[in-house]
Amino acid sequence: MNALTLEAVELRRIRMPLVAPFETSFGIQTERDILLLKAITSAGEGWGECVATEEPTYSSEYVDGAQHALVHHLLPRLFISARLTAEDVAKVLRPVHGHHMAKAAIEMAVLDAQLRSAGESFARYFGAVRHEVDCGVSVGIHRTIPDLLQTVGDYLDQGYRRIKLKIKPGWDLEPVRAVRERFGDVPLQVDANTAYSVSDAEHLAELDAFDLLLIEQPLPEEQVLAHAELAKVVRTPICLDESITSAQGAADAIQLGACQVVNIKPGRVGGYLEARRIHDLCASNHIPVWMGGMLETGLGRAGNVAMAAMPNFTLPGDTSASDRYYHRDITEPFVLSEGRLRVPTGPGLGVTVDLEFLEQVTFATETARPEPGRVRATR
Ligand code: NPG
């Protein structure tokens, strides 16, 4: 790939109201405060989206922290590289520990610039094997079972190909039983976002009766070994999300028997390139993967849909249509057709930002540039 020089990065914060509140075991979201990056490079511009949440309740990362890390610790390291490719970004940023979501956002923006200038799509770059991807939908915790059944029924009417129910202690067997009874053998899975402990193993084993595709991240993220213990008691396949933050971590978890399925979120693992390594590793270990979601705008959604077209993404992802979360998106919307989304084929992310609407939803911008007089290193 042709190297480029990173000339400046515009950091933009946008506020996007959600079409409906989204409740998980770690809180209720009614809007998203999202950090977008525009990389201005010698090869043209590229967009990145940071998936960090407003509060550090999904993981330790949060959007203000990601912005701080980018401006003070990550971008200065990239600005001094005279010749940069997306494939170099993680290496240059390795001295900074953690901050995967911040790192992923800038790697995505550099990759977008690089691929746009080369006229190549994300899908082609990743080795996509499908023109469209099967979509599932993530259904938040509801106040009542009738409310939940209404929501699930609406999504099935729209064509979604699998349902994921958010669960937590006190909201697990009953909603799963109710959805099974009402909607028969629809592909169904649950996501606990770390809300249980290994002493709940017998209780979680009661979910086995409902023939679920998987139980996602029942235990806290550090408890990889405990997931392996749980897997001996529960027949339903265990899928890890929060626990998998790198390809090495995925390899270890697989070897321990802690997961039979992996949720891939590029932001959580430091970027699309590490996500691709996890995809490949899982494929060679016969571990199916699926694409997670972090309520992305059309930018993040475009990258995720492209990656979800890789061969080992054999389960429907949380790659819902744009209108699952937003009345209006900042790019052309992703629209469900027979439960699938089309993979973008244009250069880079293959979507166009609606700059006028972007301005309307922006509440802060900041531009980071190389320090004047700083010599660029040609490593
Ligand atoms: O469809 O984009 C989507 C969201 C899918 O449930 C979903 N995401 O725990 O996986 C999760 C959850 C999440 C959303 C986590 C936002 C953190 C932030």
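These numbers were taken from a predicted model, which means no experiment stands behind them.

## Notes on the domain arrangement of the protein chain
If you check the domain split of the protein chain, you get domain 1 (6-119 + 353-378) and domain 2 (123-342). Between the C-alpha centres of domain 1 and domain 2 there is a distance of 24 Å. Listed as interface residues are 34 residues of domain 1 and, on the opposing side, 40 residues of domain 2. Together domain 1 and domain 2 conceal approximately 3300 Å² of surface at their shared face, both sides included; 65% is due to carbon and sulfur atoms. Inspection of the domain 1/domain 2 interface yields 3 salt bridges. Where arginine 143 meets glutamate 23, a salt bridge forms, and the shortest distance between an N and an O atom there is 2.5 Å. The interface formed by domain 1 and domain 2 holds 17 residue pairs in polar contact (both at pLDDT 80 or more) in total. Those elements that place two or more of their residues in the side of domain 1 that touches domain 2 are strand E1 (6-24), strand E2 (27-41), strand E3 (44-50), helix H2 (86-93), helix H3 (100-118) and helix H12 (355-361).

## Quick look at the pairing of E2
Across 14 bridges, E1 lies against E2 in antiparallel orientation. The residue of E2 that forms the bridge with arginine 12 is leucine 36. The antiparallel hairpin formed by E1 and E2 contains 2 residues in its connecting segment. Connecting E2 to the antiparallel partner E3 that follows it, the hairpin turn spans 2 residues.

## Side note on the side chain of histidine 142
Along the chain, the position of histidine 142 falls in the loop between strand E5 (136-139) and helix H5 (145-158). In this structure the side chain of histidine 142 is engaged in a polar contact, spanning 2.8 Å, whose partner is the backbone oxygen of glycine 140. Among the polar contacts listed, one links the side chain of histidine 142 to the side chain of threonine 151, at a separation of 2.7 Å. In this structure histidine 142 touches Asp147, Leu148, Thr151 and Trp171, once residues within four positions along its chain are discounted.

## Describing helix H10 (residues 272-284)
Compared with an ideal rise of 1.5 Å per residue, which puts 13 residues at 18 Å, H10 spans 18 Å between its outermost C-alpha atoms and is within 8% of the ideal. Of the positions making up H10, those classed as buried are Tyr272, Leu273, Glu274, Ala275, Ile278, His279 and Cys282. Positive backbone phi, at 60 degrees, marks histidine 286, one or two positions downstream of H10.

## Observations concerning the nonpolar core
Considering soluble globular proteins, one finds that nonpolar side chains tend to be buried as a cluster. Within the largest apolar cluster, 130 residues are counted, with the highest numbers of intra-cluster contacts made by Ile106, Leu165 and Leu207. When we break this core down by domain, the ones giving at least three residues each are domain 1 (6-119 + 353-378) and domain 2 (123-342). Sequence-distant contacts of isoleucine 106, defined by excluding residues within four places in its chain, comprise Leu6, Val9, Leu37, Leu70, Leu75, Leu78, Val89 and Leu93.

## Quick word on the packing of aromatic side chains
In this structure the tally under the stated criterion is 8 aromatic pairs. Seen in terms of ring centroids, tyrosine 155 and tyrosine 160 are 5.7 Å apart; in terms of plane orientation they differ by 90 degrees. Their pairing is edge-to-face. Ring pairs connect the aromatic residues Phe122, Tyr125, Phe126 and Tyr272, which therefore count as one cluster. For arginine 15, the ring lying beneath its charged end belongs to phenylalanine 363, and the centroid distance is 4.2 Å. Its guanidinium or amino end placed over the ring of tryptophan 290, arginine 162 lies 5.1 Å from that ring's centre, counting from NZ or CZ.

What counts and what doesn't
Residues numbered from 1 in each chain as written. Predicted model: local features only at pLDDT ≥ 70, side-chain atom pairs only at ≥ 80, totals over all residues. Heavy atoms only, no water. Domains from an automatic or database assignment. Contact = heavy atoms within 4.5 Å. Buried area = accessible area lost by both parts, 1.4 Å probe. Salt bridge = Lys/Arg side-chain N within 4 Å of Asp/Glu carboxyl O. Polar contact = N/O pair within 3.5 Å; in protein donor to acceptor, adjacent residues only side chain to side chain. Helix = DSSP H or I, 4+ residues; strand = E, 2+ residues; numbered from the N terminus. Pairing = 2+ DSSP bridges. Expected span 1.5 Å × (residues − 1). Buried < 20%, exposed > 50% of the residue type's maximum accessible area, 1.4 Å probe, protein only. Core = buried A, V, L, I, M, F, W, Y, C linked by side-chain atoms within 4.5 Å. Phe/Tyr/Trp six-rings, centres within 6.5 Å; stacked < 30°, edge-to-face > 60°. Lys NZ or Arg CZ within 6 Å of the ring centre and 35° of its normal.

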